[in-house]
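# Overview (structure and organization)
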Amino acid sequence: MAKTERRKQLEAAALYPLDWVEERSGLVGYTKWFLFRKVPHDISWAQTLGAAALTAFIVQVLTGVILAMYYKPDPASAYPSVVNITENLTLGWLVRGMHKWGASVFIILLFFHMARTFLFGAYKYPRELNWIIGVLLLVSGMLEGFTGYLLPWDQTAYWATVVGINLNATAPFVGPFLAQFLQGGLNIGPDTLPKFYSLHMLLIPGLIFALIGLHLYLVVRLGVTSPPWSETAAGREREETGAREGLIRDPAVEGEV
Ligand code: HEM
């Protein structure tokens, strides 16, 4: 059905802001490149685990920002501020509960996602770099858990951190330096808490944001791997990249094709 003149005008008016942004930034094009891409026809729920981990991370960020508005990172007021969040603030118990349980959900989803990529062989050429970025994401996620665990500053938090820091201190060569850095001194004390807080809500989340950006860029650039049992295994002809010989593995030489 031909579009009426009125409808054309409405469409043009609705698209005007997008065209304005696109002309000045190219952002609309990039967003389309990111969102509207081809995936193998036989992908399944297994390939949604990465997005599930991303969702869990976003929940952690949102609830964490709210908690940071009321949490006080010094030994005298940390525990009372957490009690205040849980008992006095409207829905504080819910936000804190989501953040606390969400941390475990995030790590569990990371392991499921990693298992999926491993079992589907998605870590192989040309996705090795994305696997390495994934490993860094896993380590950063676990560091988030470690640094966040201290923040309520109760007995469990304190002694769990003592154990964690002592474990780090046993590492060869760097161990004692690492322990001293984490403690913010020779022992766990008043300087440890703000240090963990800063790592937990600034440094490590910033790192995770950057790594997720790289990770997703590579997912879009390289495409999603088909399941190993797929009859139409994904793959395109390898492009000439001009890279030095030896940097790229040649399946023909290795007898795989
Ligand atoms: C914050 C953590 C992470 C987020 C948000 C994330 C997100 C994603 C998303 C959305 C995808 C595409 C869809 C999918 O395959 O599920 C993906 C793919 C991938 N991820 Fe992750 N991921 C994370 C951590 C990890 C970890 C820990 C590993 C492994 C050590 C990993 C390795 C990979 C690989 C190899 C792919 C490519 C899969 C393929 O081509 O089929 N990721 N990731």
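Anything mentioned here points back to the structure above.
Calculation criteria
- Residues numbered from 1 in each chain as written.
- Predicted model: local features only at pLDDT ≥ 70, side-chain atom pairs only at ≥ 80, totals over all residues.
- Heavy atoms only, no water.
- Donors = N, O, S within 2.8 Å, 3.2 Å for Na, K, Ca; no water.
- Tetrahedral: all angles 85-135°; square planar, octahedral: opposite > 155°, others 65-115°.
- Helix = DSSP H or I, 4+ residues; strand = E, 2+ residues; numbered from the N terminus.
- Buried < 20%, exposed > 50% of the residue type's maximum accessible area, 1.4 Å probe, protein only.
- 1 Å grid on protein atoms, 1.4 Å probe; cavity = no way out; pocket = protein on both sides within 12 Å on 5 of 7 lines; lining within 4 Å.
- Points joined across faces, edges and corners; volume = space filled by probe spheres on them.
- Nonpolar A, V, L, I, M, F, W, Y, C, P; charged D, E, K, R; others polar.
- Core = buried A, V, L, I, M, F, W, Y, C linked by side-chain atoms within 4.5 Å.
- Contact = heavy atoms within 4.5 Å.
- Phe/Tyr/Trp six-rings, centres within 6.5 Å; stacked < 30°, edge-to-face > 60°.

To continue, consider the coordination of the iron atom of the ligand. Every protein donor of the iron atom of the ligand is listed here as His113 (NE2) and His215 (NE2), and their distances to the metal cover 2.0 Å. Classification of the site at the iron atom of the ligand as octahedral follows from its six donor atoms and the range of 86 to 180° in their angles at the metal. Here His113 is found in helix 5 (residues 92–119), whereas its partner His215 is found in helix 9 (residues 192–222), with 102 residues between them in sequence. Side by side, His113 and His215 carry an identical accessibility label, which is buried.

Before going further, it helps to spend a moment on the layout of surface pockets. One number sums up the size of the second largest pocket: a volume of about 980 Å³. Of all the secondary-structure elements, those providing two or more residues to the lining of the second largest pocket are helix 3 (49–70), helix 4 (78–87), helix 5, helix 6 (128–150), helix 7 (155–169) and helix 9. Considering each element in turn, the lining of the second largest pocket owes the most residues, eight residues, to helix 5. Looking at the lining of the second largest pocket, its residues break down into 21 nonpolar, nine polar and four charged.

This part is about the nonpolar core. Tyr71 and Leu193 are the most contacted members of the largest nonpolar core, which has 33 residues in total. Of all the elements in the fold, those that place two or more residues in this core are helix 3, helix 4, helix 5, helix 6, helix 7, helix 8 (175–183) and helix 9. Take this core: its biggest share by element is nine residues, from helix 9. Setting aside chain neighbours within four positions, we find Tyr71 in contact with Ala78, Ser81, Val82, Ile85, Leu151, Leu193 and Tyr197.

To describe a pair of aromatic rings, one takes the distance between the centres and the angle between the planes. Counted according to the given criterion, the structure contains 10 aromatic pairs. With a centroid separation of 5.0 Å and an interplanar angle of 80°, the aromatic rings of Tyr158 and Trp159 are classed as edge-to-face. According to the relative accessible area criterion, Tyr158 is partly exposed, its value standing at 24%. An aromatic cluster is built from Phe57, Phe106 and Phe209, whose rings are joined through pairwise contacts.

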